[in-house]
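Each chain, written out:
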Amino acid sequence: MAIVVYGAGGIGCYVGGRLAASGSPVTFVGRPRMAAELATHGLRLTDYLGAELRVEPGSVRYETAPAAAAEADLVLVTVKSAATAAAADELAGVLKPGAVVVSFQNGIRNGSTLAERLTEQRVLTGMVPFNVLNSGGGHFHQGTEGALDIQRDAALTPYVEAFEQAGLPLKQHDDILPVQWAKLLLNLNNPINALSDVPLREELSQRAFRRCLAAAQAETLELLAAKGLEPAQILRVPMRRFPTILRLPDFLFRRLAGAMLAIDPLARTSMWEDLQAGRTTEIDYLNGEVVRLASELGRTAPVNARLVELIRAAEVDRRAWSGSDLYRELQA
């Protein structure tokens, strides 16, 4: 059972690291910078519940060439959404027929992009509901709760136990699309958190920032209703109740927040990390997906469209927004 994590950054190193720490044979494929970091420090994997696991430097197999995936039985694709097509083309040249390929990526269409190019492999769509912070030095921290969601398929049977042992059980779904949209609704907070330049828990403790997220989610939920798609309930609270709860005064929200989602003080979004590192973000595959949905329906999505514009501007020239300023901007 050879497992390859393809595009091993924050999510890939955390998920693959948990598998490796529990004894599964894992090969990571990614950038030379990460290969050098893990060769020096190994992997340190922590979570909001206090878990701490290590994979020593000599036990981390991190490669930089696609050929390292040639003998893989299971490939977990964790590249950024914009790199999916290129990753699929690279994998198509090396993967053996029948290999199982899982998209553990943000957005809606990555699984389809992989399946179009990997015609001799079994491609499945998955979803990582939790946040992972890359703290540097090989340390990856899971800051929020959640199991791994994935499209139900018999091809997963040989791997279920390995994920269980790693503390990352696979929650299988007959229809993964409503789950993807539920995750995307949560990820609409990514640009808000990135623009706020504060940790997630601090951001969500402020009603002004929550109202920004509520506006983006309400707009999206209206579009999904028009399309006839009901997002899955992936947390304790149904997704359609989120905008109402987010708009509550702070003292009422605090009473409910613990039942919605466990977040520790270290949690940040990957979009914040991308802006910090000067990288292009995944905004086109998150809020941009909402804008595309609106266009398909002959409608507009002004709140999400403005968040796309603000993040594109922040990729060039960053600024920290207050909640009140950002909310006014989105209502303009």
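Residues numbered from 1 in each chain as written. Predicted model: local features only at pLDDT ≥ 70, side-chain atom pairs only at ≥ 80, totals over all residues. Heavy atoms only, no water.

Visitor: How would you sum up the packing of aromatic side chains? Please name residues and give values.
Guide: By the definition in use, this model includes two aromatic pairs. Taken together, a centroid distance of 5.8 Å and an interplanar angle of 75° make the contact between Tyr 14 and Phe 130 edge-to-face. With Tyr 14 in helix α1 (residues 10-21) and Phe 130 in the loop between β8 (122-127) and β9 (132-136), this residue pair connects regions lying 116 residues apart in the sequence. Taken as a pair, Tyr 14 and Phe 130 share a single burial class, namely buried. Relative to Tyr 62, the ring of Phe 28 lies with its centre 6.1 Å away and its plane at 5°, an arrangement referred to as stacked. On the criterion of sequence distance, the pair formed by Phe 28 in strand β2 (residues 26-29) and Tyr 62 in strand β5 (residues 61-63) is long-range, its members being 34 residues apart. In this structure, Arg 268 packs its charged tip against the face of Trp 272, placed 4.0 Å from the ring centre. Looking at Arg 319, its charged tip hangs above the ring of Trp 321, at a distance of 3.6 Å from the centre. (Phe/Tyr/Trp six-rings, centres within 6.5 Å; stacked < 30°, edge-to-face > 60°. Helix = DSSP H or I, 4+ residues; strand = E, 2+ residues; numbered from the N terminus. Buried < 20%, exposed > 50% of the residue type's maximum accessible area, 1.4 Å probe, protein only. Lys NZ or Arg CZ within 6 Å of the ring centre and 35° of its normal.)

Visitor: Mind laying out the side chain of Asn 304, listing which residues take part and the relevant values?
Guide: Position of Asn 304 among the secondary structure elements: in helix α14 (residues 302-314). By relative accessible area, which is 0% here, Asn 304 ends up buried. At 3.4 Å, the side chain of Asn 304 forms a polar contact with the side chain of Thr 220. Apart from residues no more than four positions distant in its own chain, Asn 304 is found in contact with Leu 188, Ala 216, Glu 219, Thr 220, Asn 287, Val 290 and Val 291. (Polar contact = N/O pair within 3.5 Å; in protein donor to acceptor, adjacent residues only side chain to side chain. Contact = heavy atoms within 4.5 Å.)

Visitor: Please provide a residue-by-residue account of the nonpolar core, values included.
Guide: By size, the foremost hydrophobic cluster in this structure holds 55 residues, and its most contacted members are Trp 181, Leu 195, Ile 234 and Leu 326. Setting aside residues up to four positions removed in sequence, Trp 181 forms contacts with Ile 108, Thr 220, Leu 224, Leu 229, Glu 289, Val 290 and Leu 293. Counting 36 residues, the second largest nonpolar core, distinct from the first, contains Ala 8, Leu 19, Leu 156 and Leu 168. (Core = buried A, V, L, I, M, F, W, Y, C linked by side-chain atoms within 4.5 Å.)

Visitor: For the sheet that holds strand β10 (residues 139-142), give the residues involved together with the corresponding values.
Guide: Read from one edge of the open sheet, four strands run β4-β3-β10-β9, paired in mixed fashion. Either end of the sheet is taken by a strand with one partner, and the two such strands are β4 (52-55) and β9. The mean inter-strand angle of the sheet, taken between neighbouring strand axes irrespective of direction, is 20°. Taken together, the four bridges between strand β3 (residues 43-47) and β4 define a ladder with antiparallel strand orientation. Bridge pairing in β4 links Leu 43 to Val 55. Together, β3, β4, β9 and β10 form the strand contacts of α1, whose direction differs from that of β3 by roughly 95°. (Pairing = 2+ DSSP bridges. Axes fitted to C-alpha atoms, helices over the stretch in contact; angles between N-to-C directions.)

Visitor: Break down the pairing of strand β12 (residues 170-173) for me, with residues and values.
Guide: Along a regular strand, successive side chains alternate from one face of the sheet to the other. Two elements, strand β11 (residues 148-151) and β12, share four bridges in a ladder whose sense is parallel. By the bridge assignment, Leu 148 is partnered in β12 with Leu 170.

Visitor: Lay out the pairing of strand β7 (residues 100-104) in plain terms, naming residues and giving numbers.
Guide: For β7, the tally of buried residues reaches five of five residues, placing the bulk of the element in the interior. Alternating positions in β7 separate into two faces, Val 100, Val 102 and Phe 104 on one and Val 101 and Ser 103 on the other, with burial throughout. Of the pairings in the sheet, the one linking strand β6 (residues 74-77) to β7 comprises four bridges and is parallel in character. Counterpart to Leu 76 in the pairing with β7 is Val 102. Crossover connection from β6 via helix α3 (residues 84-92) to parallel β7: handedness right-handed. Relative to β8, β7 is paired through five bridges, and the arrangement is parallel. Across the sheet, Phe 104 pairs through a bridge with Gly 126, a residue of β8. At this point the chain moves from β7, through helix α4 (residues 110-117), to the parallel β8, and the crossover so formed is right-handed. (Right-handed = clockwise from strand over helix to strand, strands pointing away.)

Visitor: Quick rundown of the sheet that holds β2? Include the residues and the values.
Guide: Hydrogen bonds along the backbone pair up the strands of a sheet, which may run parallel or antiparallel. Read from one edge of the open sheet, eight strands run β5-β2-β1-β6-β7-β8-β11-β12, paired in mixed fashion. Each edge of the open sheet is held by one strand with a lone partner, namely β5 and β12. On average, each strand axis in the sheet is tilted by 25° relative to the strand beside it, whichever way the strands run.

Visitor: Could you give an account of the pattern of salt bridges, naming the residues involved and the relevant values?
Guide: Under the definition given, this model contains 22 salt bridges. In this structure, Asp 250 engages Arg 210 in a salt bridge whose closest nitrogen and oxygen atoms are separated by 2.9 Å. In this pair, Asp 250 is assigned in helix α11 (residues 250-260) and Arg 210 in helix α9 (residues 207-227), connecting sequence segments 40 residues apart. Residue classification places Asp 250 among the partly exposed positions, given a relative accessible area of 27%. A salt bridge links Glu 222 to Arg 299; the nearest nitrogen and oxygen atoms lie 3.8 Å apart. On the criterion of sequence distance, the pair formed by Glu 222 in helix α9 and Arg 299 in the loop between α13 (287-296) and α14 is long-range, its members being 77 residues apart. (Salt bridge = Lys/Arg side-chain N within 4 Å of Asp/Glu carboxyl O.)

Visitor: Run through the packing of helix α7 (residues 189-196) against helix α12 (residues 270-277), naming residues and quoting values.
Guide: It is the contact of α7 with α12, at a shortest axis distance of 7 Å, that shows an interaxial angle of 45°. For the element pair α7 / α12, the angle class is oblique. In this structure, α7 meets α12 at a crossing whose hand is right-handed. Of the residues in α12, those in contact with Asn 190, Pro 191, Asn 193 and Ala 194 of α7 are Ser 270, Met 271, Trp 272 and Leu 275. Residue composition of the contact of α7 with α12, grouped by class: five nonpolar, three polar and no charged. (Parallel < 35°, antiparallel > 145°, perpendicular 65-115°, else oblique. Left-handed = near helix turned anticlockwise from the far one by under 90°. Nonpolar A, V, L, I, M, F, W, Y, C, P; charged D, E, K, R; others polar.)

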